[in-house]
Amino acid sequence: MEDTGIGLWGVPLAIFAGAIRVSTPFIFVSLGESITERSGRINLGLEGTLVFGAMTAYAVAVMTNSPWLGVLAAMASGAVFGLIHGWICKFPKVNDIAIGIAMMQFGLGLAFFLGKSFIQPVAPRLPSIPLGGWSDLPQIQSALNINVLFVIGALLAVALWWAFKNTRIGLILRVVGDSSDAARAMGLNPDTVRLLATAVGGSFAAVGGAYLSLYYPGSWNEGISSGQGLMAVALVIFARWNPIGCFLAALLFGGAGALGPALQSVGVTQGYYLFYAAPYVLTLVILVATSSPTRSLAGAPGALSITK
Amino acid sequence: MTIEVNTPALSPLSASSGNFRPILEWVARRAEPVAISLGAILAGLALFSIFIAVVGKSPIDLFKLMYTGGFGSWFSIQNSLSRAAPLLLTALCVALPARLGLVIIGGEGAVVLGGVAAAAAALPLTGSVSPIVVLPVMAIAGMIMGGIWIGITGLLRHYRGVNETIASLLMAYIAIALMNHFIEGPLRDPASLNKPSTAPLPPEYLLGAIPGMDVNWGLVIGILACIVSWILIEATSFGFAARIAGGNVRAAQIQGLPVGRLIVGFTALAGSFAGLAGMIEVAAVQGSANASLAAGYGYTGILVAFLARHNPLAIIPVAILLGGIDASGGLIQRRMELPDATVLVLQGTLFVVILLCETFYGRFKIFNPDLWKTPVLKRGTV
Amino acid sequence: MTKLLPMNRRSFLQTTAAGAAAIGLAPSLFATPAAAQAALTVGFIYVGPKDDYGYNQAHAEGAAVIKAMSGVTVVEEENVPETVDVQKTMESMINLDGASLVFPTSFGYFDPHMLAMAEKYPDVQFRHCGGLWQEGKNPMNTGSYFGYIGQGQYLNGITAGYASKSKKIGFVAAKPIPQVLQNINSFLLGARSVDPAITCQVIFTGEWSLAVKEAEATNALIDQGADVITCHVDSPKVVVETAAGRGAFVCGYHANQSPLAPEKYLTGAEWAWGNVYTKFVTEAQAGTPLGNFVRGGLKDGFVKMSPLGPAVSAEARTKFDATLADMMKGSFSVFKGPIKDNKGGDAVTAGQTLAEDAIELESMAYLVEGVVGSTS
């Protein structure tokens, strides 16, 4: 008859746990998009890539009984989507924002089509690291049951941040992103760099999708994504193209997403739809607060079409 | 000095086609978008056929079914027209700002909130006021709500520099949450037990069907909206200013054009069309505002607008085409045992190919009007 | 896992003309006219995917049962939204496939869509799952059918009552509509029949199918101490897997989800639509009028329970079987007064008993005492 609930502490704990659980797809998609946008291209099609990656990972995991093979397959499919996007955007007069939306629709349609027969089967899950063993409370144990991909994402964020600043590849990326002419003067081919950057961005986004279908919520169906791919693009701008900023923004978003159910569980039941809108409102408010019509966004790659 | 672009193969033609040359020039200019769009659609269909063949089904059967389901009988045609009706308006919501150079994809939000506003406006009036008054009031309420919603996006873009694509999308998600909140909360009809809705409109208040057809008046409203938009863009100074601003904002500002007012005005107008689509869905189809308002019309409208290259008149045939594709989806599901996502794959393929083919504009010499121009100087003279 | 029978409907339809003529001749060829089964095309419309381990799958499994009947062709369409699309789908099935019996299975299809089609096609029979068909108000070629699955949730609650150590159980619900509220209340009342101190917490996700919210809700419930979880969403797959993954017990709904969590699955309240559809089709083929307001529970075979899982104790099993037997005799009512609601008022007064088909149940708007949560 013991009361194992934790009352009001449930809310901050849920926000914390939610921040970790729900943010992982956002982390990967925004890191991938930050690479793409640093090179001067915007890829709005990541929502389609994410869902296709989720489907691919689930399908391969079901067929091979290995979740990691699923993740690898997802990365490959994401790279292909990125390559297609990058290749099409190379041509003059092609509107890359519109192509992104088109690729999103294409990716979604293809994912639903091919994924029909995988809605029922159960796939093996990605492993998690139980960091909460020190606590007796099952809630804390569960909250600290951190998925491997989250850890990888965190490390990736730091690595990318360091790489952008200190490595030659980072420099190439930034130069191409700031000015195609300067890049050509340096002997680089901006189209090739952007193509590769978009491919890498796509493969990261697909990993984010793999997390959704192979860990949390851990199932493949047509409602698996609620716009994470598109939100993540907003997060990149909000984070000023800084990978560590992307990581933190993703955490913020994940925490906001967990707010609704957590509040209901402690009795705040009025207007729960409004709480479900919280992540979007938060993103919009922050975007508005940090944008300015006169100065171009600080740190924006010069060649990025949305800032022109 | 006129530089002649004659190629030897064509010079006999231009030498002998005296009076026809201005016509040829006119045809060449107009033919380009039609030819390239048609070519793109054919290329998209070809790619899709390969996909279907790889999956193991017959593309020929599929296209025959698409024709049957979309246009093969009077019933099918009406089916397609019904589905096209909301798309006409939601496509305008994308096409109008696009002429200004803005990419707005949040029309879905304007549709749902427009529907809620229309239903809310009707609540105090049904029963006591005649339908002739109530329906326009609903339409105005829907248009104002939709106009505000997308207009905010335009405002944010001009005055705060917020990217309108992302902002409109965020607003769409917020709008759907608000719709759910209102429909299940303050505006809920207590009698709508298992499907939360606003109070149902009595039958005399419903927007009926076009006489002789099984399609509601929303189709006519949509076509009128497209025509009005085309006139606005092509034949008014407001539209002209917008097209200039769309080409180069900096130049427009230097010229003294009120870019801010243009942006807010066009986005609000675009949003009002989407809000009108929401009102029509409430008044002609559902009879009340409920969660089925979020049926994806806004998102399909994006596709229609881009396929029509943001030309309001072209939106009409494109919306009907897409309505036909959608209409055939059910038949494809039932007869060929293909999933409903087949239609999504086709639409996505067409979308990508059409956008890719933008790059062909200006590349084919045959469409260059100068080729067909009356030469002022003879060949060889400078 | 159901594998729906593959059928090449196109070739079937092409030969239907010849087939219909042959069937017309059949009575004169056979000795007994009853041997000829009238050719019947039945249309099914689902609002989601057929294999969602939940609501739509339950209907699809029912459709699979009648596919096997002789003379019956089934056409199905899934993912049809509750807009003019479903009207056009119904018309397409009627005009192009020759359907004469249509089952639109989602609640939102009833008004105005199915009613509009029923007026337009008076020779076609429409039967709707869950809608409130009213005599005199709705046309006679329409009707509704539904099952008293609240009884099933009560039985779920009994197993939950015995299995719960924390005396807290949880419910992940989509929207606060009467059918869902009745399930929540039945679940708690069943648990309280075992231990009156048990409480049930409910979280509303707001959508019929939203995987991330369902997973979050499940985690939030378990964080607050619930150790048995059930749900009423279109596809319980995510809730079942998440709850079992956290170590909680689960009770299933709509369909049998035990393959997803064999150790933690206690039992489940499932639909048995196959029986309902078989009855409708048999009546249609015989030419007798179809029922307009068709309801039934465990007793009538509309609803069934999943086999009890390994975690159900012998004591629980005894009480489960006894209550089930009472329900099968028709002598058991879940809502027997006095029952208070969770705001302090009276839901069911002392001495009052709400039978399964009581009209008050169809408009339930309260949560009973012991349920933590609110309807708005």
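Whatever comes next refers back to the structure up there.
Residues numbered from 1 in each chain as written. Chains lettered and ligands numbered in written order. Predicted model: local features only at pLDDT ≥ 70, side-chain atom pairs only at ≥ 80, totals over all residues. Heavy atoms only, no water.

Engineer: Help me understand the interface of chain A and chain B, please; the structure alone is not making it clear to me.
Structural biologist: Quite often, the size of an interface is put as the accessible area lost when its parts meet. Between chain A and chain B, the contact holds 44 residues from the first and 46 residues from the second. Across the chain A/chain B interface, buried area totals approximately 3,800 Å², and carbon plus sulfur atoms make up 78% of it. Per-residue buried area on chain A facing chain B is highest for Gln105, Phe113 and Tyr273 of chain A; these three make up 18% of the total on that side. Taken together, the connections running from chain A to chain B amount to one salt bridge. Among the ionic pairs, Asp340 of chain B bridges to Lys116 of chain A, the shortest N-O distance being 4.0 Å. Applying the counting rule to chain A against chain B returns four residue pairs in polar contact (both at pLDDT 80 or more). Those elements that provide at least two residues to the side of chain A that touches chain B are α3 (67–90), α4 (96–114), α10 (228–238), α13 (272–276) and α14 (278–290) of chain A. The element that contributes the greatest number of residues to the side of chain A that touches chain B is α4 of chain A, accounting for 12 residues. (Contact = heavy atoms within 4.5 Å. Buried area = accessible area lost by both parts, 1.4 Å probe. Salt bridge = Lys/Arg side-chain N within 4 Å of Asp/Glu carboxyl O. Polar contact = N/O pair within 3.5 Å; in protein donor to acceptor, adjacent residues only side chain to side chain. Helix = DSSP H or I, 4+ residues; strand = E, 2+ residues; numbered from the N terminus.)

Engineer: Sorry if this is basic, but what is going on with unusual backbone geometry here?
Structural biologist: Apart from glycine, the bulk of residues carry a negative phi angle, and the bulk of peptide bonds sit in the trans form. All names here are of chain A. For the bond running from Tyr216 to Pro217, omega is 5 degrees, close enough to zero to count as cis. Mapped onto the elements, Pro217 comes out in the loop between α9 (190–214) and α10. Phi at Trp241 takes a positive value of approximately 60 degrees, unusual for a residue other than glycine. Structurally, Trp241 is set in the loop between α10 and α11 (243–257). By relative accessible area, Trp241 is classed as buried at 0%. (Buried < 20%, exposed > 50% of the residue type's maximum accessible area, 1.4 Å probe, protein only.)

Engineer: I tried to follow the sheet that holds strand β10 (residues 265–271) of chain C on my own but got confused; where do I start?
Structural biologist: Sheets are built from strands paired through backbone hydrogen bonds, the pairs being either parallel or antiparallel. Residue and element names in this part refer to chain C. In space, the seven strands of this open sheet follow the order β12-β10-β9-β8-β6-β7-β17, with mixed pairing throughout. Pairing within the sheet leaves two strands with one partner each, and these edge strands are β12 (303–305) and β17 (371–372). The strands that helix α6 (residues 149–163) touches are β6 (168–173), β8 (228–232), β9 (249–254), β10 and β12; relative to β10, the one it contacts most, it runs at about 175 degrees. In the packing of helix α8 (residues 211–223) onto the sheet, the strands contacted are β6, β7 (199–204) and β8, and the crossing angle to β6 comes to about 165 degrees. (Pairing = 2+ DSSP bridges. Axes fitted to C-alpha atoms, helices over the stretch in contact; angles between N-to-C directions.)

Engineer: Can you help me understand the sheet that holds strand β11 (residues 293–296) of chain C in this one?
Structural biologist: All names here are of chain C. Spatially, the six strands line up as an open sheet ordered β2-β1-β3-β4-β5-β11, and their pairing is parallel. The outermost strands of the open sheet, each flanked by one partner alone, are β2 (72–77) and β11. Here the average twist between neighbouring strands, direction ignored, is 20 degrees. Across two bridges, the pairing between strand β3 (residues 101–104) and strand β4 (residues 125–129) is parallel. Note on β4: the bridge partner recorded for Val102 is Phe126. Helix α4 (residues 84–96) contacts β1 (40–45), β2, β3 and β4 of the sheet and is inclined by roughly 165 degrees relative to β1.

Engineer: I tried to follow the packing of helix α12 (residues 297–307) of chain B against helix α14 (residues 341–356) of chain B on my own but got confused; where do I start?
Structural biologist: Between two packed helices, what matters for the description is the angle formed by their axes and the separation of those axes. Residue and element names in this part refer to chain B. In contact at an axis separation of 10 Å, α12 and α14 are set at 35 degrees when each is read in the N-to-C sense. You can see that α12 and α14 cross each other, and the crossing is left-handed. In contact with Thr300, Ile302, Leu303, Phe306 and Leu307 of α12, α14 contributes Gln347, Leu350, Phe351, Ile354 and Leu355. (Left-handed = near helix turned anticlockwise from the far one by under 90°.)

Engineer: Explain the interface of chain C and chain A to me, please; I cannot follow it from the model alone.
Structural biologist: The interface is formed by 42 residues belonging to chain C together with 43 residues belonging to chain A. Summed over both partners, the interface of chain C with chain A buries about 3,400 Å², with 49% contributed by carbon and sulfur atoms. Inspection of the region where chain C meets chain A yields two salt bridges. Scanning the region where chain C abuts chain A turns up 11 residue pairs in polar contact (both at pLDDT 80 or more). In terms of residue count, α8 of chain C provides more of the side of chain C that touches chain A than any other element does, 10 residues in total. Classifying every residue of the side of chain C that touches chain A gives 15 nonpolar, 13 polar and 14 charged. (Nonpolar A, V, L, I, M, F, W, Y, C, P; charged D, E, K, R; others polar.)

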